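Here is what each chain is made of, one letter per residue.
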Amino acid sequence: MMSLNGSSFLNNSFSGVSRTQSQLLKLPATYRPMVVAMVNSNNGRPERNVGVSVDSAVKEVNGPVAVEVVESDSKQPTAAVGGGVEDVYGEDRATEDHFITPWSVSVASGYSLLRDPHHNKGLAFTVKERDAHYLRGLLPPVVVNQDLQVKKMMHNMRQYQVPLQRYQAMMDLQERNERLFYKLLIENVEELLPIVYTPTVGEACQKYGSIFKTPQGLFISLNDKGKILEILKNWPQKKIQVIVVTDGERILGLGDLGCQGMGIPVGKLSLYTALGGIRPSACLPITIDVGTNNEKMLNDEFYIGLRRRRASGQEYAELMNEFMSAVKQNYGEKVLVQFEDFANHNAFDLLAKYSTTHLVFNDDIQGTASVVLAGLISALKLVGGSLADHRFLFLGAGEAGTGIAELIALEISKQTNAPLEETRKKVWLVDSKGLIVRSRLESLQHFKKPWAHDHEPVNELLEAVKAIRPTVLIGSSGAGQTFTKEVVEAMASFNEKPIILALSNPTSQSECTAEQAYTWSEGRAIFASGSPFAPVEYNGKVYVSGQSNNAYIFPGFGLGLIISGAIRVHDDMLLAASEALAEQVTQEHFDNGLIYPPFTNIRKISAHIAAKVAAKAYELGLASRLPQPENLVAYAESCMYSPSYRNYR
């Protein structure tokens with residue numbers, strides 16, 4: 001560690017500045033040049049507008065840079081705070097009881113502290129903290145605790161009748177008080193999840209240009225070609241562990257929203273933190289703006305993106321390649337890049353191209369597949385048999401449909417030791433042109449070809465249901481109300497308990513509603529959906545449907561990759577995540593007709609998923625964080641970000 005005498009160093013830098021109280025800082029090397037605020041020796045409070053450059057006073061110490069400013073009378077330095085995975089900031093549960101200093105570029109104090117969302121506590125600042133950080137008079141005299149703030153915010157939130165207003169209120173809170181935002185979301189996850197993510201986030205993306213206030217991520221456009229690395233360096237946080245990136249071409253079931261798709265990465269990363277415990281400072285939302293083919297957006301005066309037709313081919317590929325190279329150069333081998341809401345043709349190509357060189361994950365393909373497989377494993381407890389005993393029919397053969405189909409086939413192959421080519425024959429897909437069969441092989445996109453089986457052509461879903469007689473019907477088409485009364489009744493005619501999964505988002509695009517599924521099947525369906533539905537009463541019985549939401553999987557999956565230091569994603573990790581989620585469904589849940597556990601226990605669920613994913617990474621030799629912790633569940637929980645307020649010196 002480099003030690004500097006406080007008096008001599010300061011006297012050489014500034015006139016009129018006296019001794020400093022000892023402070024120990026841990027700063028990433030990438031923060032140089034950095035300004036570190038000194039602390040007044042008379043009362044322990046940070047001096048205002050006083051700083052010293054540490055560019056020439058730092059050195060590498062196993063990655064982070066330790067800088068110690070020592071007072072001339074040799075007082076002992078304050079102990080550093082540490083814990084969790086590369087815990088630069090001391091934000092996770094392992095250090096929850098420690099006192100910290102609210103460092104930003106300088107010690108945050110006074111009015112600037114109240115405007116810093118990372119450190120602001122509002123009326124929860126204690127009297128001692130208000131005196132130490134120049135807050136006296138800037139706040140009303142009352143001091144409240146965080147729990148009361150949560151109660152007040154939920155009361156205010158429930159006054160809004162329009163979901164988009166609630167979304168805006170949540171985003172405003174995130175920009176004002178980060179810890180309160182996450183505590184509110186964690187403690188009210190079932191009520192607020194539909195607000196910060198689907199279905200409300202879809203409307204937010206559609207109107208993003210009108211409601212845009214403060215940038216919450218990075219916007220990279222075709223105009224930035226050759227400068228992407230420079231743009232990444234503009235982001236203030238340097239220890240990034242998860243990036244969620246979209247090009248906005250296929251936002252939920254709403255289509256091409258261009259640059260306004262930024263709401264998706266922002267929402268996903270909020271869930272990475274709230275549900276998976278990844279600290280906010282380690283998350284980076286990014287939108288790649290290559291134009292849009294949405295005429296409504298191009299003609300909207302409030303549209304915030306490039307006003308040009310969407311790029312494709314070599315122009316698109318070169319920009320994405322520069323982006324992926326810059327990410328790896330700037331953040332290293334172990335940063336997780338999650339592709340989100342790319343159109344089918346790009347989603348599969350990007351995943352195939354970069355899965356061997358980067359730590360990449362596509363939630364639409366892999367995350368959806370994992371959560372659906374978990375639901376199917378759970379549903380077997382209600383209908384009996386193994387996966388190999390069932391027949392699966394999909395409406396939709398895009399990213400989600402083919403991704404789910406492949407993972408189902410992989411799991412059956414794993415259970416039966418049958419070749420993957422054989423297990424795929426238990427899965428049938430219907431696209432916009434009808435049942436995918438071998439006679440259509442030449443005209444099919446490459447990702448559909450494995451699902452072209454021997455069968456006569458069938459044009460309509462209802463006819464496909466009657467011909468294939470599936471036990472499981474899965475909708476991933478993005479087309480609402482396509483599971484008609486006739487389709488559901490047909491499923492119920494040859495299945496005692498038909499499994500019906502209407503996965504498309506948002507709610508308006510769901511293939512059918514919970515009420516329709518239970519009513520048309522005479523209460524016999526095992527139903528789950530992508531977006532939430534209210535409980536349904538049918539013939540005097542209340543049915544509570546499950547939500548097959550990717551939020552069950554990706555937060556814990558990402559945490560597992562991070563705590564193990566994984567360098568690549570493997571299909572076996574997805575299977576492990578599915579099995580871990582299915583294990584969290586109890587008999588009580590089954591008795592209520594649920595095939596997924598309640599979201600109220602999501603952090604516990606995420607910790608178990610993370611542990612199983614990390615264990616698989618170690619087993620496959622893809623983990624770099626050694627040695628392996630003995631208790632991976634406990635380790636995962638200890639690494640989770642805590643939204644509770646910290647006590648400031």
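The text that follows walks through the structure, step by step, so that each part is easy to find. (Residues numbered from 1 in each chain as written. Predicted model: local features only at pLDDT ≥ 70, side-chain atom pairs only at ≥ 80, totals over all residues. Heavy atoms only, no water.)

**A closer look at the overall build of the protein chain**
- Each helix and strand counted, the protein chain has 25 helices and 21 strands in total.
- For the protein chain, the residues scored as buried account for 59% of the 649 residues in total.
- Taking the contacts inside the protein chain whose residues are at least 6 apart along the sequence as the reference set, 71% of them involve residues at least 24 apart.
- For the protein chain, the exposed surface amounts to about 26,200 Å²; the carbon and sulfur share of it is 49%. (Helix = DSSP H or I, 4+ residues; strand = E, 2+ residues; numbered from the N terminus. Buried < 20%, exposed > 50% of the residue type's maximum accessible area, 1.4 Å probe, protein only. Contact = heavy atoms within 4.5 Å. Areas by Shrake-Rupley, 256 points an atom, 1.4 Å probe, with all protein chains shown as cover.)

**Remarks on unusual backbone geometry**
- A cis amide bond links Thr198 to the next residue, Pro199, at an omega of 10 degrees.
- Residue placement: Pro199 occurs in the loop between α7 (189–196) and α8 (200–206).
- With omega at -10 degrees, the peptide bond leading from Asn505 into Pro506 counts as cis.
- A positive phi angle, close to 60 degrees, is found at Tyr134, a residue other than glycine.
- Secondary-structure assignment places Tyr134 in the loop between α3 (127–132) and α4 (146–157).

**So, the nonpolar core**
- Of all hydrophobic cores here, the largest spans 122 residues; its most connected members are Leu376, Ile408, Ile474 and Phe557.
- Top element by residues in this core is helix α24 (residues 602–619). It accounts for 10 residues.
- Counting residues in each nonpolar core, the second largest holds 36 residues, with Ile288, Leu319, Met324 and Phe339 among its members. (Core = buried A, V, L, I, M, F, W, Y, C linked by side-chain atoms within 4.5 Å.)

**Comments concerning the side chain of Lys268**
- One can find Lys268 in helix α11 (residues 263–276).
- Polar side-chain contacts of Lys268 include one of 3.4 Å to the side chain of Glu340.
- A distance of 2.3 Å separates polar atoms of two side chains, one belonging to Lys268 and the other to Asp363.
- In this view, Lys268 contacts Tyr197, Val244, Gln338, Glu340, Asp363, Asn550 and Phe554; residues no more than four positions away in its chain are not counted. (Polar contact = N/O pair within 3.5 Å; in protein donor to acceptor, adjacent residues only side chain to side chain.)

**Some words on the pairing of strand β12 (residues 392–395)**
- A two-sided burial pattern is seen for β12, the buried positions comprising Phe392 and Phe394 on one face and Leu393 and Leu395 on the other.
- Taken together, the four bridges between β12 and strand β13 (residues 427–431) define a ladder with parallel strand orientation. Across the sheet, residue Phe392 finds its bridge partner in β13, namely Val427.
- The pairing of β12 with strand β15 (residues 472–475) spans four bridges and is classified as parallel. Residue pairing in the sheet places Phe394 in a bridge with Ile474 of β15. (Pairing = 2+ DSSP bridges.)

**Description of the pattern of salt bridges**
- Overall, the coordinates contain 30 salt bridges when judged by the stated rule.
- The partner of Asp172 in a salt bridge is Lys213, with the nearest N and O atoms 3.4 Å apart. Taken as a pair, Asp172 in helix α5 (residues 163–176) and Lys213 in the loop between α9 (208–211) and β7 (218–221) lie far apart in primary sequence, 41 residues in all.
- Glu522 is the salt-bridge partner of Arg524, the closest N and O atoms lying 4.0 Å from each other. (Salt bridge = Lys/Arg side-chain N within 4 Å of Asp/Glu carboxyl O.)

**A look at the side chain of Ser413**
- Among the secondary structure elements, Ser413 is positioned in helix α16 (residues 399–416).
- Take Ser413: its relative accessible area is 17%, and that puts it in the buried class.
- Setting aside residues up to four positions removed in sequence, Ser413 forms contacts with Ala418, Pro419, Leu420 and Thr423.

**A word on α5**
- With 14 residues, α5 should reach 20 Å at 1.5 Å per residue; the first-to-last C-alpha distance of 20 Å fits that figure.
- Of the surrounding elements, those touching the buried residues of α5 are α4, α6 (178–187), α7, α8, α9 and α11. (Expected span 1.5 Å × (residues − 1).)

**Some details on the sheet that holds strand β17 (residues 526–529)**
- Spatial strand order, β14-β13-β12-β15-β16-β17-β20: seven strands in an open sheet with mixed pairing. The open sheet terminates on both sides in strands that have one partner only, identified here as β14 (434–435) and β20 (546–547).
- The sheet contact formed by β17 and β20 spans two bridges and is parallel. Across the sheet, the residue bridging to Ser529 is Gln547, located in β20.
- Here helix α15 (residues 363–383) sits on the sheet in contact with β12, β15, β16 (499–502) and β17, set at roughly 155 degrees to β16. (Axes fitted to C-alpha atoms, helices over the stretch in contact; angles between N-to-C directions.)

**As for the environment of Gln481**
- Residue position: Gln481 is located in the loop between β15 and α19 (485–493).
- Residues contacting Gln481, with those up to four places away along its chain left out, are Ser510, Glu511, Cys512, Thr513 and Gln516.
- There is a polar contact of 2.9 Å between the side chain of Gln481 and the side chain of Gln516.

**Remarks on helix α22 (residues 571–583)**
- With 13 residues, α22 should reach 18 Å at 1.5 Å per residue; the first-to-last C-alpha distance of 19 Å fits that figure.
- Along α22, the positions that sit buried rather than exposed are Met573, Leu574, Leu575, Ala576, Ala577, Ser578, Ala580, Leu581 and Ala582.
- Where the residues of α22 are buried, they touch β11 (360–362), α15, α16, α21 (554–564) and α24.

**A closer look at the environment of Asp256**
- Here Asp256 is to be found in the loop between β8 (242–246) and α11.
- Distance in space between the C-alpha atoms of Asp256 and Gly291 is 9.7 Å, their sequence separation being 35 residues.
- Excluding anything up to four places from it in sequence, Asp256 contacts Gly248, Glu249, Thr292, Asn293, Asn294 and Arg310.
- In this structure the side chain of Asp256 is engaged in a polar contact, spanning 3.1 Å, whose partner is the side chain of Thr292.

**Concerning the sheet that holds strand β10 (residues 336–339)**
- The parallel open sheet is built from five strands, whose spatial order is β7-β9-β8-β10-β11. Whereas interior strands pair on both sides, the edge strands pair on one side only; in this sheet they are β7 and β11. Taken over all neighbouring pairs, the strand axes of this sheet differ in orientation by 25 degrees on average, direction set aside.
- The pairing of β7 with strand β9 (residues 283–289) spans four bridges and is classified as parallel. Bridged to Ser221 within β9 is Asp289.
- Relative to the sheet, helix α14 (residues 344–354) contacts β10 and β11, its axis offset from that of β11 by approximately 155 degrees.

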